[in-house]
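# Structural characterization, general
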Amino acid sequence: MDCFAAAPGPAPLPLDEALARVAQTYGAVTEPESVPLRAALGRVLAESVTAPVNVPPVAVSAMDGWGYRAPESTDEEAVGEGLVRLTVVGRVPAGSVFSGTVGVGEAVRIFTGAPVPTGVDTIAMQEDCRAEDGAVLVPAGLKRGSNIREAGEDMRAGAVVLTPGRRLRAQEIGLAAAVGRASLSVHKRLRVVLFSTGDELREPGGAKPDGAIYDANRYTLAAQLDALGAEVRDLGILPDNPDVTRAALAEAAGTADLLITSGGASVGEEDHIKAVVNSLGSIDLWKLAVKPGKPLALGRIGDTPFLGLPGNPVSAMVTFMLVGRPLVLRLMGAESVPTPRCLVVSGFEFRKKPGRREFLRARLATGPDGRPVAHKFPSDSSGVLTSMVEADGLVDMPAEATTIREGEMVEFLPFTGLFA
Ligand code: AMP
Ligand code: MG
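The paragraphs below set out a description of the structure included in this document. (Residues numbered from 1 in each chain as written. Chains lettered and ligands numbered in written order. Predicted model: local features only at pLDDT ≥ 70, side-chain atom pairs only at ≥ 80, totals over all residues. Heavy atoms only, no water.)

## Overview of the packing of helix α3 (residues 217–227) against helix α6 (residues 313–331)
Filter applied, for reference: A fitted line through C-alpha atoms represents every axis, and for helices the fit uses only the stretch in contact; the resulting angles, taken between N-to-C directions, go from 0 to 180 degrees. Comment: elements are numbered from the N terminus, with helices defined as DSSP H or I runs of at least four residues and strands as E runs of at least two. Working rule for angles: under 35 degrees goes down as roughly parallel, over 145 as roughly antiparallel, 65 to 115 as roughly perpendicular, anything else as oblique. The crossing is said to be left-handed when, going from far helix to near helix, the turn is anticlockwise and less than a right angle, and right-handed when the turn is clockwise. We call two residues in contact when some of their heavy atoms are within 4.5 Å.
As a packed pair, α3 and α6 sit with axes 10 Å apart at the nearest point and diverge in direction by 25 degrees. Compared by their axis directions, α3 and α6 come out roughly parallel. Of the two elements, α3 crosses α6, and the hand of that crossing is right-handed. Here Asn217, Thr220, Leu221, Gln224 and Leu225 of α3 come into contact with α6, specifically with Pro313, Ala316, Met317, Phe320, Met321 and Val328.

Right, here's the structure in full:
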């Protein structure tokens, strides 16, 4: 498909279609490798994890307290204030096992995590009990089974507890540890090569002649990729020169799982990305029907996926969040790559023409009723990077919508979710 073959060209591509295309076209590209648990954060699981044991392995106490057999009837001697007197026959700290059997009218001192002795079916928390010489007073009428965690309550032996394609957060890593795993099979890190394009760009820290600007995009994009767990290779700035660009992309493609450029993807005389990538492989270049956003290029150089992002710093960042992040996660082997979103109250009025979906930079504050309220940054320019610094996320305004009113509920994409 050649979107810019003839002016004015086909209709801009809705974001959902771009995402559907990413989902159809790209899947896991990295091989599995085994990593110790401490190195697994943010990686994508490449195996099924099965619990070889029950967790907990046996019934254990959920409290520090007293374990006993709940009376079948109320024939135990009730001692004032609804307390029952029991004879203490042992002490069971966590990590030990009580070898005897606890009979009717008897109790053991027991601690959180300690295996429940044979005969005990109920545990009273220590705050509700009173120890006396060789005996304990426990509350009468406590429900049988109170404060006991059954064997396998968390995980049953043989159950699949984690499935391939899941990104590993702290809790998944802890779960693997809880079933005894020291290492996990995960997808290798995605090797991403990153270029900026533009004769006007200079490296931060260096000299900057008139008409030049410092390159911001490689730094925002590299940081976004780092946060996703990719292995970034920053190959610097490409000039607006098709031969140099072709040589650099062709060479990099052999060593990368994904190539990303920003800038040079429009259809101006100085925009060479489309022709260069076409000459090395294939490319679809769209006007993404998103503001800030267009243009967007997806393709391949040889076998290596290629993502061409817009040059404007806000557009590059936002397009990466909306399309680049799902693409990267998919190539990393992630099963599901939803964009995190929630509803917040609009603290602003806004109008636009129908037809293009807009992502408005907004900061969250707590409203008078305690609900989060989004306050829009004044400028919508795709060149104003300070707007991203001020914002906590993006208000998603549907293509067909024309108005947002103050007090209305709006969909909000928090940056905390989009950076991870
Ligand atoms: P382009 O898509 O190449 O036409 O670039 C669009 C706008 O974004 C121009 O104003 C560029 O100077 C600017 N731009 C492109 N790349 C970068 C970059 N890496 N850092 C900062 N601004 C950029
Ligand atoms: Mg340019």
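Back to the text.
## A look at the sheet that holds strand β17 (residues 231–238)
Here is the rule we go by: For two strands to count as paired, DSSP must find a minimum of two bridges between them.
Ordered by their spatial adjacency, six strands build an open sheet running β17-β14-β18-β22-β21-β19, and the pairing between neighbours is mixed. Each end of this open sheet is capped by a strand with a single partner; those strands are β17 and β19 (281–286). Strand-to-strand twist of the sheet, defined as the mean angle between neighbouring strand axes without regard to direction, takes the value 15 degrees. Bridge analysis of strand β14 (residues 191–197) against β17 gives six bridges, and the strand direction is parallel. Residue pairing in the sheet places Ser196 in a bridge with Ile237 of β17. Sheet strands in contact with helix α5 (residues 273–280) are β14, β18 (258–262), β19, β21 (296–301) and β22 (304–309), and its direction is about 150 degrees off that of β19. This element, α6, spans β18, β21 and β22 of the sheet and lies at about 170 degrees to β22.

## Side note on the environment of Gln224
Along the chain, the position of Gln224 falls in helix α3. Between the C-alpha atom of Gln224 and that of Ile110, which follows or precedes it by 114 residues, the distance is 50 Å. Ignoring sequence-local partners within four residues, the contact set of Gln224 consists of Met317, Phe320, Met321 and Phe419.

## Looking at the site of ligand 1
The condition that has to hold: Whether a residue is near a molecule or strand depends on its heavy atoms: it is near if one of them lies within 4 Å of it. Any N or O atom pair separated by 3.5 Å or less is treated as a polar contact, with the protein-specific requirement of one donor-capable and one acceptor-capable atom, and with residues adjacent in sequence counted only for side-chain atom pairs. Residue-level accessible areas treat just the shown protein chains as cover; the underlying method is Shrake-Rupley with a 1.4 Å probe. Think of it as three bins: nonpolar holds Ala, Val, Leu, Ile, Met, Phe, Trp, Tyr, Cys and Pro, charged holds Asp, Glu, Lys and Arg, and polar takes everything else, Gly as well.
With respect to spatial proximity, 14 residues lie near ligand 1, and among them Glu200, Asp215, Ala216, Gly264 and Gly311 are the closest. With respect to ligand 1, the side chain of Glu200 contributes an N or O atom lying 2.5 Å from an oxygen atom. Asn217 places a polar side-chain atom, nitrogen or oxygen, 3.4 Å from a nitrogen atom of ligand 1. Here ligand 1 loses 77% of its free accessible area of 480 Å² to cover by the protein chains. Residue composition of the shell around ligand 1, grouped by class: five nonpolar, six polar and three charged.

## Section: the environment of Asp121
Condition: Classification of residues uses two cut-offs on accessible area relative to the type maximum, computed with a 1.4 Å probe and protein chains only: under 20% is buried, over 50% is exposed, and between them is partly exposed.
Tracing the backbone shows Asp121 in the loop between β7 (106–110) and β8 (122–125). For Asp121, a relative accessible area of 18% translates into the label buried. Residues contacting Asp121, with those up to four places away along its chain left out, are Tyr68, Arg69, Ala70, Arg144, Gly145, Ser146 and Ile148. In terms of polar contacts, Asp121 uses its side chain to reach the side chain of Arg144, at 2.6 Å.

## Describing the side chain of Lys352
Let me state the cut-off plainly: In this count, Lys and Arg are taken as positive residues and Asp and Glu as negative ones, while His and the chain termini are left out. Salt bridge criterion: a side-chain nitrogen from Lys or Arg within 4 Å of a carboxyl oxygen from Asp or Glu.
Structurally, Lys352 can be placed in the loop between β24 (350–351) and β25 (357–366). Buried Lys352, no salt bridge; nearest opposite-charge side chain is Glu358, N-O distance 5.5 Å. At a separation of 3.0 Å, a polar atom in the side chain of Lys352 contacts the main-chain carbonyl oxygen of Arg356.

These figures come from the coordinates and say nothing about function on their own.
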